[in-house]
Amino acid sequence: MPTKPKPRSALAEHRRRLRSRGLQRVEVQVRGEDAPLVRAVAAALADPERAAEARALLRGRFAPAPARSLKELLASAPLDGVELDRSRDLGRAVDL
């Protein structure tokens with residue numbers, strides 16, 4: 001006799017609906033004194049009116065700096081006192 005598939009639990013169904021809306025459950029551990037702050041940050045990110053500003057503030061402070069190319073690094077390097085002209089001395093004459 002074939003067995004029936006087990007129905008999804010209410011919690012699994014709830015999390016599936018959240019994922020379909022683009023939300024993800026995240027668990028973090030923080031000091032007790034920081035818990036209200038973390039909840040407030042999460043609430044700001046979930047609020048459509050405050051989300052963009054909250055994201056910008058958090059990215060500005062905590063996001064890693066974007067990787068820069070070698071060309072960008074060289075362009076931003078201070079070149080004061082660096083001689084960039086090469087002498088045109090071709091070395092010694094060689095008989096072939």
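Criteria and cut-off values
Residues numbered from 1 in each chain as written. Predicted model: local features only at pLDDT ≥ 70, side-chain atom pairs only at ≥ 80, totals over all residues. Heavy atoms only, no water. Helix = DSSP H or I, 4+ residues; strand = E, 2+ residues; numbered from the N terminus. Rg over C-alpha atoms; globule rule 2.2 N^0.38 Å. Buried < 20%, exposed > 50% of the residue type's maximum accessible area, 1.4 Å probe, protein only. Areas by Shrake-Rupley, 256 points an atom, 1.4 Å probe, with all protein chains shown as cover. Lys, Arg positive; Asp, Glu negative; His and termini not counted. Charge placed at Lys NZ, Arg CZ, Asp CG, Glu CD. pLDDT = per-residue confidence, 0-100. Axes fitted to C-alpha atoms, helices over the stretch in contact; angles between N-to-C directions. Parallel < 35°, antiparallel > 145°, perpendicular 65-115°, else oblique. Contact = heavy atoms within 4.5 Å. Nonpolar A, V, L, I, M, F, W, Y, C, P; charged D, E, K, R; others polar. Salt bridge = Lys/Arg side-chain N within 4 Å of Asp/Glu carboxyl O.

(A) Highlighting the overall build of the protein chain. Of the regular secondary structure elements, the protein chain holds four helices and zero strands. Listed by position from the N terminus, the elements making up the protein chain come as α-α-α-α. Here the C-alpha atoms of the protein chain give a radius of gyration of 29 Å, more than 25% beyond the 12 Å that 2.2 N^0.38 yields for 96 residues. The 96 residues of the protein chain split such that 4% are buried. Carbon and sulfur atoms make up 56% of the accessible area of the protein chain, which totals about 10100 Å². Each charge sign in the protein chain was given a centre, from 20 positive and 13 negative side chains, and these centres are 18 Å apart.

(B) Here's a closer look at the environment of Leu-11. Mapped onto the elements, Leu-11 comes out in helix H1 (residues 10-20). Residue classification places Leu-11 among the partly exposed residues on the basis of a relative accessible area of 46%. Taking C-alpha positions, Leu-11 is 24 Å from Val-41, a pair spaced 30 residues apart along the chain.

(C) Molecular detail of the confidence of the model for the protein chain. Mean pLDDT for the protein chain: 87, with 98% of residues reaching 70 or above. Mean pLDDT values for the elements of the protein chain range from 83 in helix H4 (residues 70-76) up to 96 in helix H2 (residues 35-46).

(D) Summary view of the packing of H2 against helix H3 (residues 51-62). Their axes nearest at 6 Å, the elements H2 and H3 cross at an angle of 125 degrees. Taken together, the axes of H2 and H3 lie oblique to each other. Seen from H2, the contacting residues are Val-41, Ala-44 and Leu-45; seen from H3, they are Ala-51, Ala-54, Arg-55 and Leu-58. Tallied by class, residues from the contact of H2 with H3 come to six nonpolar, no polar and one charged.

(E) Region of the structure containing the pattern of salt bridges. Here the structure, examined in full by the defined rule, presents four salt bridges. With a closest N to O distance of 3.5 Å, Glu-13 and Arg-8 form a salt bridge. Residue Arg-8 is classed as exposed on the basis of its relative accessible area of 59%. Residue Glu-27 pairs with Arg-25 through a salt bridge whose shortest N-O separation is 4.0 Å. Judged by relative accessible area, Glu-27 falls into the exposed class, the value being 63%. For Arg-25, a relative accessible area of 55% translates into the label exposed. Among the ionic contacts, a cluster of salt bridges with common partners joins Arg-8, Glu-13 and Arg-16.

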